[in-house]
Amino acid sequence: MKVFVTGGAGYIGSVCVEELLNAGHDVTVFDNLTEGHRSAVDKRAVFVLARASDVETITAAVRHAKADAVVHFAANAQVGESMTNPGKYFRNNVCNGLNLLDAAVAAGVKKFVFSSTCATYGPPDRVPMTEDLPQRPINPYGESKLMFEKMLHWYRQIHGLEFVAFRYFNAAGASEKFGEHHRVETHLIPNILQVPLGRADHVEIFGTDYPTPDGTCIRDYIHIIDLAQAHILALPAGRQGFYNLGNGDGYSVRQVIHVCEKTVGRPIPTVEKPRRAGDPPKLVASAEKAAHELGWKPRYPKLEQIVAHAWRWHQAHPDGYPD
Ligand code: UFG
């Protein structure tokens, strides 16, 4: 298929583009490079540097790509920033996304695949979390993604645009070529690995008084290649709906640090800090629906494999991408 990927220069997008190309699809990447990196775009893809804020530009780009499917990663994704600058999140994640949706309809696109998040649920009533749990986001980031999910529902109903929306849990790891380099890094695993890379002398633990066995937050980490594979499974006609993507295993912050220590073969000093605002104590996915309906089966479900691949990439790219 011809696949139009927004945000294909970002962390998750770059690996998804690589996997789409490996699977034989033709890929056009559309990215404004505010968060992404030009060198994170697979050389086999066509690259369009442009903004989604201009509806004519994006419609022309989707038409020019003759896209059968759009895979939409481009977004702002920092919970903390969304609490201080909500307008940025609603403008980019909702308004610019709406431009893309209209462009997809105008260009006759058959399938729309969307990066959503477990942040659309807010703190869950129970774990593992299934897709039917109530969605009560507690920050503008999660709200902006939920608003887009709702637009997808109506565009399906009214314009017949088939969609798959994936609610990611914690994306981590790397492929051999592409890995995690955010200009402002807030994520746990890359922050931990800064220590053995010699870029930091300790990692901070945000909150040690949560109602969890060791007092630190529990998350469900999923390998970036497994996330990417799910997007490929979403492309065939008839596949439609909302799906969680996670492994169903929860690891506490302390457990993640321990796995990193084993991987790098040396101790990683920690400093205990107060809780970070907006962090739910425990988020663990049930991805049964994706397994049953899409045939999704993670290739790298173990945290040890995820961390090993992240470490391999960071060692090869200690400064991240050059651009
Ligand atoms: N943490 C630390 N120290 C750090 C970084 C993180 O203790 O240096 C803790 C956090 O407080 C949290 C856990 O490690 O308890 C995981 O934090 P991340 O920032 O790696 O991931 P989040 O679970 O906060 O966020 C992820 C995605 C977001 C998304 C969110 C909910 O990265 O984009 O899940 O979907 F919004």
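Bear in mind that the values here come from a model prediction, so they are computed numbers and not experimental data.

Among all residues save glycine, negative phi is the norm, and among peptide bonds the norm is trans. Residue Val127 is joined to Pro128 through a cis peptide bond whose omega torsion reads -10 degrees. Locating Pro128 in the fold gives a position in the loop between strand 5 (111-117) and helix 5 (140-159). The backbone phi angle of Leu33 is positive, close to 60 degrees, even though this residue is not glycine. Here Lys66, not a glycine, exhibits a phi torsion of approximately 50 degrees, which is positive. Following the sequence through the fold, Lys66 ends up in the loop between helix 2 (55-64) and strand 4 (69-72). Residue Lys66 is classed as exposed on the basis of its relative accessible area of 59%.

One can read the domain layout of the protein chain as domain 1 (2-172 + 222-245) and domain 2 (188-219 + 249-316). Listed per partner, the contact involves 27 residues of domain 1 and 23 residues of domain 2. Taken together, both faces of the contact between domain 1 and domain 2 bury some 2,200 Å²; the carbon and sulfur share is 68%. The three residues of domain 1 that bury the most area against domain 2 are His223, Asp226 and Tyr243, which together make up 26% of that side's buried surface. At the surface where domain 1 touches domain 2, the tally comes to 1 salt bridge.

Moving on to the site of the ligand. Inspection of the region around the ligand gives 20 residues, with Thr117, His187, Glu204, Arg219 and Asp279 positioned closest. Measuring from an oxygen atom of the ligand, one finds a side-chain N or O atom of Arg219 at 2.7 Å. If the ligand stood free it would expose 680 Å²; the protein chains cover 91% of that surface. Only helix 6 (188-193) and strand 8 (203-206) provide two or more residues apiece to the shell around the ligand.

Within the secondary structure, Asn247 is located in the loop between strand 11 (241-245) and strand 12 (251-252). For the pair Asn247 and Glu131, spaced 116 residues apart in sequence, the C-alpha to C-alpha distance is 14 Å. Setting aside residues no more than four positions away along its own chain, Asn247 makes contact with Asp220, Tyr221, Ile222, His223, Pro298, Tyr300, Pro301 and Ile306. A polar side-chain atom of Asn247 sits 2.8 Å from the main-chain carbonyl oxygen of Tyr221.

Applying the stated criterion across every chain, the model contains 7 aromatic pairs. Within the aromatic cluster, the residues linked to one another by ring pairs are Phe112, Phe114 and Phe148. Its end group placed over the ring of Tyr210, Arg275 keeps NZ or CZ at 4.1 Å from the ring centre. For the cation-ring pair, Lys289 lies above Tyr243, with the distance from its terminal atom to the ring centre recorded as 4.5 Å.

The rules we used
Residues numbered from 1 in each chain as written. Predicted model: local features only at pLDDT ≥ 70, side-chain atom pairs only at ≥ 80, totals over all residues. Heavy atoms only, no water. Helix = DSSP H or I, 4+ residues; strand = E, 2+ residues; numbered from the N terminus. Buried < 20%, exposed > 50% of the residue type's maximum accessible area, 1.4 Å probe, protein only. Domains from an automatic or database assignment. Contact = heavy atoms within 4.5 Å. Buried area = accessible area lost by both parts, 1.4 Å probe. Salt bridge = Lys/Arg side-chain N within 4 Å of Asp/Glu carboxyl O. Near = heavy atom within 4 Å. Polar contact = N/O pair within 3.5 Å; in protein donor to acceptor, adjacent residues only side chain to side chain. Areas by Shrake-Rupley, 256 points an atom, 1.4 Å probe, with all protein chains shown as cover. Phe/Tyr/Trp six-rings, centres within 6.5 Å; stacked < 30°, edge-to-face > 60°. Lys NZ or Arg CZ within 6 Å of the ring centre and 35° of its normal.

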